[in-house]
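This is what each chain is made of:
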Amino acid sequence: MAELTIVRPSAFKQFRVLLGKELRQEFRTREMLTSMGIYALLVLVIFGAALSQAAQGFDILQVSGGLIWALIVFTSLLGLNRSFSSEKEEAALEGILLMPMDRSLIFLSKATSNLIFLLLVELISLPLFYFFFLTISSPAPSFWMASLPLLVGSIGIAGVGTLLATITSNARGKDVLLALLFIPIIYPLLHAVVAATTVVVVGGDNLVGTFATSLALAGGYDVVMLALSWFLYEFVISN
Amino acid sequence: MTDTVAIAPDIHLALAIQAEGLGKSFGSRKALDNVSFELPEQAFLSIFGHNGAGKTTLLRVLSTLARPSAGKVEVLGLDVREKPEELRSRIGLISHRSMLYPDLTAEENLLFTARMYGVQNPKARVSELLELVELTARRHDPVRGFSRGMTQRIAIARALVPDPALLFLDEPYSGLDPHAVEILDRLLERLRFGKNLVMISHDLNHGFALATHLLVLAQGKVALFTERDELDVRSFREFYRNSVGAGGI
Amino acid sequence: MRERTIFDSLAWMALLLGALLSTAGFVLAFTTAPMVKGVDLQVFAQIGGVHVDYQLLFSQKIFYFHMPVAITSFIALLFTAIYSIIFLVKKDPKYDLRARIATEIALVFVLMTMASGMLWERYEWGVWWTWEPRLTTYFILTLMVIAYFILRRALDDPERRATYAAVFGVIAAVNAPISFLITRIIPTRTHPVIFRTDSGLPPDMLLPLLLSMFGILMVAFGIYRFRLREQRLRLQLEDLKAQLED
């Protein structure tokens, strides 16, 4: 056999290889993105039916922030539930655990890929939401600022969701279980980002104050919960 | 005891595995109970026992996938509790599950592994391994379409990527067709030179034939640990039937 | 395993004393504690022959039950987190057992908090439910505690079950105060948060409150110890059965 030299790669290099593996798998099959995209579209259809009897003067802007986040939470659940299926199918996760590496990189790469997929689906489904529901009303000119709470909220969802999805990937009845663990834990974040999103879409007097407070709280949630998830991940992944 | 301390380092170098009072328990449930044995370098250890006897748990502890709850274990001179990462770069595992990503091609799976271990010329290493398992022609096909035997060959190539000094095999023959068994046999014959192999086996004759050392577990305890040449296969079968029972094999 | 600890013998006493103290607290709450001034009435009224221009809140009496129960449930959850962390460090199943029983206590008291909170709200605000910060937080808490037990049931391997439950227990315990903080700072638009500003309770209100507070804490402690002892004996029995089978 030829000369074999092995140099222990840096954590960043290993993170890139892991993330590259996630993206390559997904862009080959597009299983997760397709199912999330279709699901998002169907949720929009349901919104259409749900709002079909609302009165003429009903201001859709007041609830649009909430509807957007309902869409994101349900769609992300679908993706998170699938995010460990390729690791479990042939026990590939065990192969990774046998590699010389810092195991929190598994959390980091999974959370990053889940975030990327979630943002991609948002990129498609949110313009659709605008097209279906907001073209007749007039969002405040500050509506583009909603991208900030969208990013902060998605980061929190991907981070906490990755930890909880790892837990439920080993459990029976994992689909319902993930929802049951995930939604109460994500509730405070949801409360904050819905407030931040709504206020910039509706506009109004104390826009900056409410927006900044909500966003800061959502950011605080992200920092605390991501640090906690990172710290607890080693316990979840090794047995 | 004081006399042996001085020569201990030399002994450690010559041992592939040294387990002393190894236990793995949770509460009152003992998966492994006071397991002690010493396996020299260049050995082929076959592990036998019923389902639930602790074979897989022992393999998981030795390969750093599970932490022992009692005792001391050194694999290749490295303590599994204290230096798991160092140890991981020197061992490989082949189990009855392939540990591959079905949607990636054979080559992508191996390249991923090579890059994670830090192999310096990953492409060359992967080509070499594909050649070894005779699957160069299928390198660009996703693993999902492979037969059980082909998948297992890629799984072997995967375990060999960092050229491990110790290879663990967890029932590698389960579910293989005769042709694949033949290929795996040939590979193991080639691999055993310069390497240590530890295999869980369901097949008494086959496991006996390959081994240099035998370990029989019963209810988490060592029922037998011996060099193979101390026994012939008939008396081994007899021992196994009498001490562990005939069921399961 | 030790047969009986000092805490086990204390459990009876705690339970009895707790029941006495909290009963005394409730009795005092209805006899000596003054009524709390509520919202101003639009018209003057004669209540019990006294001319008043504000509403006296009889419904406030539930506070003497509600607050101790709420605090007890929070303390129980705190113990879930503490035992969970100890378990994760030591991997000793006895801490998993303690964390589980603390969560069981938390579930009982969280449900009582929810029920008393909703009763109060019904009489005070005229609705059974609002997304008010404290009520919302307790609702989330209830869901997390229920999720904790469903998670346990969904895992077969005892070590994995204990580990995952501990991890979730820690996250849930951290999430509870965050949830309260966020829902309180960012008010919902439909129901403005009403905060009472009267701080510093008069002594004849403080005494019954403290009595029922300590009483209910002691009851919770008593139940915890009994449940722990019962579960331990059950485990020992199962071990003996397993040994007999071998």
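Residues numbered from 1 in each chain as written. Chains lettered and ligands numbered in written order. Predicted model: local features only at pLDDT ≥ 70, side-chain atom pairs only at ≥ 80, totals over all residues. Heavy atoms only, no water.

Enquirer: Help me out: how do you make sense of the sheet that holds strand β9 (residues 213–218) of chain B in this one?
Expert: Each strand in a sheet pairs with its neighbour through backbone hydrogen bonds, running either in the same direction (parallel) or in the opposite one (antiparallel). Residues and elements named next belong to chain B. With respect to topology, six strands assemble into an open sheet ordered β6-β7-β8-β3-β9-β10, the strand pairing being mixed. Each end of this open sheet is capped by a strand with a single partner; those strands are β6 (91–95) and β10 (221–227). This sheet shows a mean twist of 15° between the axes of neighbouring strands, independent of strand direction. The pairing of β9 with β10 spans six bridges and is antiparallel. Each residue of the ladder has a partner; that of Leu 214, found in β10, is Thr 226. Against the sheet, helix α2 (residues 55–62) touches β3 (44–48), β6, β7 (166–170), β8 (196–200) and β9, its axis set at about 155° to β7. (Pairing = 2+ DSSP bridges. Helix = DSSP H or I, 4+ residues; strand = E, 2+ residues; numbered from the N terminus. Axes fitted to C-alpha atoms, helices over the stretch in contact; angles between N-to-C directions. Contact = heavy atoms within 4.5 Å.)

Enquirer: I tried to follow the packing of helix α9 (residues 207–237) of chain A against helix α5 (residues 158–185) of chain C on my own but got confused; where do I start?
Expert: The angle between the axes and the distance between the axes are what describe a pair of packed helices. Packing of α9(A) against α5(C) brings their axes to within 11 Å, and their N-to-C directions diverge by 175°. As summarised for this structure, α9(A) and α5(C) are arranged roughly antiparallel, according to the angle between their axes. Where α9(A) abuts α5(C), its residues A:Thr213, A:Leu217, A:Tyr221, A:Val224, A:Met225, A:Leu228, A:Leu232, A:Phe235 and A:Val236 lie against C:Thr163, C:Tyr164, C:Val167, C:Val170, C:Ile171, C:Val174, C:Asn175, C:Ile178, C:Ile182 and C:Ile185. In the contact of α9(A) with α5(C), the residues fall into 16 nonpolar, three polar and no charged. (Parallel < 35°, antiparallel > 145°, perpendicular 65-115°, else oblique. Nonpolar A, V, L, I, M, F, W, Y, C, P; charged D, E, K, R; others polar.)

Enquirer: Quick question: what am I supposed to make of the packing of aromatic side chains here?
Expert: Both the distance between ring centres and the angle between the ring planes are used here to describe each pair of aromatic rings. Counting across every chain of the model gives 25 aromatic pairs over all chains. Note on B:Phe26 and C:Phe87: the rings are 6.1 Å apart at their centroids and 85° apart in plane angle, and the pair reads as edge-to-face. Placement of B:Phe26 in strand β1 (residues 15–26) and of C:Phe87 in helix α2 (residues 63–90) is noted, with the two residues assigned to different chains. The pair formed by B:Phe26 and C:Phe87 is uniform in burial state, with each residue classed as buried. Here the basic side chain of A:Lys110 rests over the ring of A:Phe84, its NZ or CZ set 4.9 Å away from the ring centre. For B:Arg228, the ring lying beneath its charged end belongs to B:Phe208, and the centroid distance is 5.7 Å. (Phe/Tyr/Trp six-rings, centres within 6.5 Å; stacked < 30°, edge-to-face > 60°. Buried < 20%, exposed > 50% of the residue type's maximum accessible area, 1.4 Å probe, protein only. Lys NZ or Arg CZ within 6 Å of the ring centre and 35° of its normal.)

Enquirer: Is there a simple way to explain the interface of chain A and chain B in this structure?
Expert: A common way to report how large an interface is uses the accessible area buried once the components associate. Of the residues lining the interface, 34 residues belong to chain A; the matching set on chain B comes to 37 residues. When chain A packs against chain B, the two sides together hide about 3,400 Å² of surface, and 60% of this comes from carbon and sulfur. Among the residues chain A hides against chain B, the three largest losses belong to A:Glu90, A:Leu98 and A:Met99. Together they make up 20% of the total. The tally of links from chain A across to chain B stands at five salt bridges. In this structure, A:Glu94 engages B:Arg60 in a salt bridge whose closest nitrogen and oxygen atoms are separated by 3.0 Å. If you look at where chain A meets chain B, you find 17 residue pairs in polar contact (both at pLDDT 80 or more). The set of elements that each furnish at least two residues to the side of chain A that touches chain B consists of α1 (11–29), α4 (85–89) and α5 (92–97) of chain A. (Buried area = accessible area lost by both parts, 1.4 Å probe. Salt bridge = Lys/Arg side-chain N within 4 Å of Asp/Glu carboxyl O. Polar contact = N/O pair within 3.5 Å; in protein donor to acceptor, adjacent residues only side chain to side chain.)

Enquirer: Any chance you could explain the sheet that holds strand β5 (residues 78–79) of chain B here in plain terms?
Expert: Residues and elements named next belong to chain B. With antiparallel pairing, four strands are arranged side by side in an open sheet as β2-β1-β4-β5. Of all strands in the sheet, those bounded by a partner on one side alone are β2 (29–40) and β5. With five bridges joining them, β1 and strand β4 (residues 70–75) adopt antiparallel strand pairing. Bridge assignment links Glu 20 to a residue of β4, and that residue is Lys 72.

Enquirer: When you look at the interface of chain B and chain C in this model, what are you seeing that I'm missing?
Expert: Each partner contributes to the interface: chain B provides five residues, whereas chain C provides eight residues. Contact between chain B and chain C buries roughly 570 Å² in total, counting both sides, with carbon and sulfur atoms accounting for 62%. Between the two partners, chain B and chain C, sit two salt bridges. B:Lys24 is paired through a salt bridge with C:Glu159; the nearest N and O atoms lie 3.7 Å apart. Here chain B and chain C share one residue pair in polar contact (both at pLDDT 80 or more) between them. Class assignment of the residues belonging to the side of chain B that touches chain C gives a composition of one nonpolar, two polar and two charged.

Enquirer: Would you mind showing me how to read helix α7 (residues 147–168) of chain A here?
Expert: Because an α-helix completes one turn every 3.6 residues, residues spaced three or four positions apart along the sequence face the same direction. Residues and elements named next belong to chain A. For α7, with 22 residues, the first-to-last C-alpha span of 30 Å sits near the 32 Å given by 1.5 Å per residue. Of all the bends found along α7, the most pronounced is centred on Thr 162 and spans about 25°. Along α7, 18 of the 22 residues are buried, which leaves the element largely enclosed by surrounding structure. (Expected span 1.5 Å × (residues − 1). Bend = angle between axes of the 7 residues up to and from the residue.)

Enquirer: Sorry if this is basic, but what is going on with the environment of A:Leu226 here?
Expert: All names here are of chain A. Within the element layout of this structure, Leu 226 appears in helix α9. With 69 residues separating them along the chain, Leu 226 and Ile 157 place their C-alpha atoms 9.7 Å apart. Among residues more than four places away in sequence, those in contact with Leu 226 are Phe 107, Ile 155, Gly 159, Val 160 and Tyr 221.

Enquirer: What is the right way to look at a positive patch on the surface in this model?
Expert: A grouping of A:Lys13, A:Arg16, B:Arg115 and B:Lys123 is seen on the molecular surface, where their side chains present a positively charged patch. On the accessibility criterion, A:Lys13 (33% relative accessible area) is partly exposed. (Patch = residues over 30% accessible without salt bridge, like charges linked within 9 Å, V, L, I, M, F, W, Y side chains within 5 Å. Areas by Shrake-Rupley, 256 points an atom, 1.4 Å probe, with all protein chains shown as cover. Lys, Arg positive; Asp, Glu negative; His and termini not counted. Charge placed at Lys NZ, Arg CZ, Asp CG, Glu CD.)

Enquirer: Any chance you could explain α9(A) here in plain terms?
Expert: Spanning 31 residues, α9(A) covers 43 Å between terminal C-alpha atoms, matching the ideal 45 Å at 1.5 Å per step. Its axis deflected by about 35° at A:Phe231, α9(A) carries its strongest bend there.

Enquirer: So what exactly am I meant to see when it comes to the pairing of β3(B) here?
Expert: Successive residues of a regular strand alternate their side chains across the two faces of the sheet. Residue and element names in this part refer to chain B. Buried residues dominate β3, accounting for five of its five residues. Taking every second residue as pointing to the same face, both faces of β3 are buried, with Phe 44, Ser 46 and Phe 48 on one and Leu 45 and Ile 47 on the other. As paired strands, β3 and β8 are joined by four bridges and run parallel to one another. When the sheet's bridge partners are listed, Ile 47 is paired in β8 with Ile 200.

Enquirer: What's the story with the pattern of salt bridges in this structure? I'm lost.
Expert: A side chain of one charge can pair with a side chain of the opposite charge if their charged atoms are brought near each other. Residue and element names in this part refer to chain C. On inspection of all chains with the given rule, the structure shows 29 salt bridges over all chains. Of the charged contacts in the structure, one is a salt bridge between Glu 230 and Arg 234, with a shortest N-O distance of 2.9 Å. On the criterion of helical spacing, the pair formed by Glu 230 and Arg 234 is a turn pair, its members being four residues apart in helix α6 (residues 203–245). Residue classification places Arg 234 among the partly exposed positions, given a relative accessible area of 44%. Among the charged side chains, a network of salt bridges with common partners joins Arg 100, Glu 104, Arg 227, Glu 230 and Arg 234.

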